[in-house]
Amino acid sequence: MAPVLVGLEGLLAGERIPILDTRVTFGRNSENSVVISSLSVSRFHAEIVFDQDEGYVLHDLASSNGTLVNGDEVENRLLQPGDEITLGDQEFRFEVADAMETLMALSLPRSVTHGPQEGEKGPVLQVTVAGGGPVGLSLALLLEHFLGPQVKITVYDGRWRKQGRTVVWKSQDEGNVRRQQVVTVQSRQYLAWPEEVQARLFDPEHYTEMWPSGPDSVGDHSPRNMRIAYIEDRLLELANEKRDRIRLIPARFDAAKEQEALAGQQVLAICDGGRSRTREHFAARFGKADESIYSLEGRHLQDVVLGLRVKSGLTDPMAVLMTVAQNRFLLNSLRGEGFLNMRLTDAEAAEVIGLDPVRRVFEECIASRPCLMDRDEYGDFQCSTHGTLFLPALVKGSALWRRVQEGLLLFGVEADDLSAVTSFRLDMVQRPRFSAELLPPTTTSPGTYGFLLGDAANAIHFWPGRGLNSGLASAISLARSLNGAWNGRSFRDADFLRHEAAMSMLQYRHKSRAWKAMVTTDDRGVTWAIKDIIGHGIDGIPEEPDREADTKTLLERMQAIRARLALRLPGMPDDEAILERLRTLQPATLRMLVLSGAWDTLTMGGEEVDIDIFYGQDSSAAAAAVEALEPAAQA
């Protein structure tokens, strides 16, 4: 009786590999007994050694992604018939076969050593995705939906871990602070998700339609407010269910280490965030980003935002009105719970630091990492990663903390309903290109194209959900380009003209809108950074603010906004309800809200980027969804 490994999942699925030698090694390097050309498998990953006293022993060879037996990570394990072995994203079962089965297994080709195989319907597109957030997972699910057995996708993310045979998000105790921010997903994007994704995501308990439909809405489908963590959970859950085509690797993609394996992939989608290490590794291919286009008087503009996790007592229509009427605070919530984002002046941003109570030193973890500081049992805001406390909340009489309290009053947040603080920096640059040939085709490799998606392509201002919407649009565009261009041959630049054009439009539209959320023009035509105007209102006006005049100005501004929104957002507050909110504020806060100005809704509105103009209505899931609704509406 001879042992065999039966391939369960991965490149060896369905094959039977006899273990005939006293030592059999597995890995990507060609010197191994069994060569597995998968990015998740180390060069020398594991070995099975026959010991006459014990039997067949599996040894992990210090692999990057570990070796599992029956779901448990092992260094050494005596194998028993029926044991399931996982090497990266490759899975096997250890069995004992009779002599005839062994001879039959020896007669089968060792297809895994010859790179990608053809699927039932044609050649298989090999795709690697660096970053498994909403954009990376959406791309994977879209490609699986479009191409079926003609695509194999490997997604890397260091924020994941293995749990048995599935991949899940790490917890905060494991060093992963989940993003609980609420984002506004536009219908132009969510209708392009496959139907099964929409069905999984849109449980009525997990979204609201807080914002009215607008230029970015398809038909009468309103934007939907959802937590990022909830979106991530559901997309990862779906990806786990498609293990035959989507492989999930709980590790950060390392472009330097994976260069050799990357040569066997046609596509590398770079979705690992605004500080993408993968993008920086290939920086020469994508070109240098330009800061000058988002500068004032030679100074590159950045905004720093204090994120306050809150529970607001305001109705959605009141919260929308209060948000749109000024540029200091922005509330995006789900049934009142979400984040109140506070735009900071440069002087205030310098105060956003943590205090290490043990070493009695200041740390910038909240400003530079950034970290989330939860309220502890003593009422302090503490970073679970670094043990620091949020200094402004500790200092009695802190000017910044007094202004935070004013924001809470404006949005009806009780003191105990502020549960955490964080901070993030908003930086905009102009990128010259989003698609590039990373590795040319050779006689033994297909050639690899790289694509910047999501925040790796465009880091967008905190205007609600805008970064996620542009990221989803970029994933939709790339999936449609790959679906149309893939024919088994090496790609060319010309295959991605439409995608590159769509990305350039997204960059122009969303960043021009974001720029207008960062700057304003005064009566003399001079452009100011809004944060500088707020700073001027705090420190630069010597006279006492006129409470009555500022209240009147804000009321008139809100009356005009209410008139515009009332038809699309029922339940808008009357004048007395507005005045009741404004009476809670100090005169200095009222003056600051007046000076910050209202949202530039003329710029925020207007024509949106519709990538269907590049791909045709026949490829648009959104168009199909609207057409499906038309007969019902007519009935």
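Residues numbered from 1 in each chain as written. Predicted model: local features only at pLDDT ≥ 70, side-chain atom pairs only at ≥ 80, totals over all residues. Heavy atoms only, no water.

- The protein carries the name FHA domain-containing protein in an unreviewed UniProt entry, which gives Streptomyces fuscichromogenes as its organism.

**Looking at the overall build of the protein**
Phase 1 of the analysis: Scanning the protein from N- to C-terminus turns up 22 helices and 34 strands.
Phase 2 of the analysis: When the 635 residues of the protein are sorted by exposure, 55% land in the buried category.
Phase 3 of the analysis: Sequence separation of at least 24 residues holds for 71% of the intrachain contacts in the protein that already meet a minimum separation of 6.
Phase 4 of the analysis: Carbon and sulfur atoms provide 49% of the accessible area of the protein, an area that totals close to 27,700 Å². (Helix = DSSP H or I, 4+ residues; strand = E, 2+ residues; numbered from the N terminus. Buried < 20%, exposed > 50% of the residue type's maximum accessible area, 1.4 Å probe, protein only. Contact = heavy atoms within 4.5 Å. Areas by Shrake-Rupley, 256 points an atom, 1.4 Å probe, with all protein chains shown as cover.)

**Quick notes on the nonpolar core**
Phase 1 of the analysis: One finds Leu125, Leu139, Leu143, Ile153, Leu201, Leu248 and Phe491 to be the most contacted residues of the largest nonpolar core, which totals 59 residues.
Phase 2 of the analysis: In this view, Leu125 contacts Leu147, Gln150, Val151, Lys152, Gln266, Val267, Leu482, Trp486 and Phe491; residues no more than four positions away in its chain are not counted.
Phase 3 of the analysis: Core analysis: the second largest hydrophobic core is formed by 53 residues, Val310, Cys371, Leu418 and Leu554 among them. (Core = buried A, V, L, I, M, F, W, Y, C linked by side-chain atoms within 4.5 Å.)

**Concerning the packing of aromatic side chains**
Phase 1 of the analysis: Summed over the entire model, instances satisfying the criterion amount to 16 aromatic pairs.
Phase 2 of the analysis: Each ring, one from Trp193 and one from Phe202, has its centre 6.4 Å from the other, and the planes form 50 degrees; the classification is tilted.
Phase 3 of the analysis: A relative accessible area of 4% places Trp193 in the buried class.
Phase 4 of the analysis: Considering the side-chain rings of Phe491 and Phe496, the 5.2 Å spacing of their centres and the 65 degrees angle between planes classify their relative orientation as edge-to-face. (Phe/Tyr/Trp six-rings, centres within 6.5 Å; stacked < 30°, edge-to-face > 60°.)

**Quick notes on the environment of Leu582**
Phase 1 of the analysis: Along the polypeptide, Leu582 turns up in helix H18 (residues 575-582).
Phase 2 of the analysis: C-alpha separation for the pair Leu582 and Thr551, spaced 31 residues apart in sequence, amounts to 6.9 Å.
Phase 3 of the analysis: Look past the residues within four positions of Leu582 in its chain and what remains in contact with it is Arg547, Thr551, Leu554, Leu555, Met558 and Leu590.

**With respect to the sheet that holds strand E4 (residues 34-35)**
Phase 1 of the analysis: An order of E4-E3-E5-E6-E9 is seen for the 5 strands of this open sheet, with the pairing classed as mixed. Bordering the open sheet on either side are E4 and strand E9 (76-78), each of which pairs with just one other strand.
Phase 2 of the analysis: In terms of strand pairing, strand E5 (residues 46-51) meets strand E6 (residues 55-60) through 6 bridges, oriented antiparallel. Paired with Asp51 across the bridge in E6 is Gly55. (Pairing = 2+ DSSP bridges.)

**Here's the deal with the packing of helix H9 (residues 316-324) against helix H17 (residues 547-565)**
Phase 1 of the analysis: Running from N to C, H9 and H17 point in directions that differ by 125 degrees, and their axes come no closer than 10 Å. On the basis of their axis angle, the class for H9 and H17 is oblique. The handedness of the crossing between H9 and H17 comes out as right-handed. Taken together, the residues of H17 that come into contact with H9 (itself represented by Val320, Leu321, Met322 and Val324) are Met558, Ile561, Arg562 and Leu565.
Phase 2 of the analysis: Within the contact of H9 with H17, the residues separate by chemical class into 7 nonpolar, no polar and 1 charged. (Axes fitted to C-alpha atoms, helices over the stretch in contact; angles between N-to-C directions. Parallel < 35°, antiparallel > 145°, perpendicular 65-115°, else oblique. Left-handed = near helix turned anticlockwise from the far one by under 90°. Nonpolar A, V, L, I, M, F, W, Y, C, P; charged D, E, K, R; others polar.)

**Digging into the sheet that holds strand E31 (residues 435-439)**
Phase 1 of the analysis: An order of E18-E13-E12-E19-E32-E31 is seen for the 6 strands of this open sheet, with the pairing classed as mixed. Each of the sheet's edge strands pairs with one partner strand only, and the pair in question is strand E18 (246-249) and E31. Pairs of neighbouring strands in the sheet enclose a mean axial angle of 20 degrees, with direction left out of account.
Phase 2 of the analysis: Alignment of strand E12 (residues 125-130) against strand E19 (residues 267-270), held across 4 bridges, turns out to be parallel. Bridge assignment links Thr128 to a residue of E19, and that residue is Leu268.

**Topic: the side chain of Asn332**
Phase 1 of the analysis: With respect to the helices, strands and loops of the structure, Asn332 is situated in strand E23 (residues 329-334).
Phase 2 of the analysis: Taking relative accessible area as the criterion, Asn332 reaches 2% and is therefore assigned buried.
Phase 3 of the analysis: Among the polar contacts listed, one links the side chain of Asn332 to the side chain of Trp211, at a separation of 3.0 Å.
Phase 4 of the analysis: A polar contact is formed between the side chain of Asn332 and the side chain of Asn225, at a distance of 3.4 Å. (Polar contact = N/O pair within 3.5 Å; in protein donor to acceptor, adjacent residues only side chain to side chain.)

**Comments concerning unusual backbone geometry**
Phase 1 of the analysis: Phi is positive for Ala62, close to 55 degrees, though the residue is something other than glycine.
Phase 2 of the analysis: Positive phi is not limited to glycine here, since Glu297 has a value of about 50 degrees.
Phase 3 of the analysis: According to the relative accessible area criterion, Glu297 is exposed, its value standing at 86%.

**Details of helix H19 (residues 587-596)**
Phase 1 of the analysis: Most of H19 is tucked away: 7 of the 10 residues are buried.
Phase 2 of the analysis: Thr589, Leu590, Arg591, Met592, Leu593, Val594 and Ser596 are the residues of H19 that are buried.
Phase 3 of the analysis: Residues of H19 that are buried sit in contact with E23, helix H13 (399-410), helix H16 (530-539), H17 and H18.
Phase 4 of the analysis: In the segment just after H19, Gly597 is the residue with positive phi, at about 80 degrees.

**What about the pattern of salt bridges?**
Phase 1 of the analysis: The final tally for this structure, using the stated rule, is 36 salt bridges.
Phase 2 of the analysis: Of the charged contacts in the structure, one is a salt bridge between Lys242 and Glu196, with a shortest N-O distance of 2.8 Å. Here Glu196 lies in helix H4 (residues 195-201) and Lys242 lies in the loop between helix H5 (228-240) and E18, a separation of 46 residues in the sequence.
Phase 3 of the analysis: Taking the relative accessible area as the measure of exposure, Lys242 reaches 12% and is therefore buried.
Phase 4 of the analysis: The class for Glu196 is partly exposed, based on a relative accessible area of 36%.
Phase 5 of the analysis: Residue Arg309 pairs with Asp374 through a salt bridge whose shortest N-O separation is 2.6 Å. In this pair, Arg309 is assigned in strand E22 (residues 302-311) and Asp374 in strand E27 (residues 373-375), connecting sequence segments 65 residues apart.
Phase 6 of the analysis: Taken together, the shared-partner salt bridges connect Glu144, Glu196, Lys242, Asp244 and Arg245 into one network. (Salt bridge = Lys/Arg side-chain N within 4 Å of Asp/Glu carboxyl O.)

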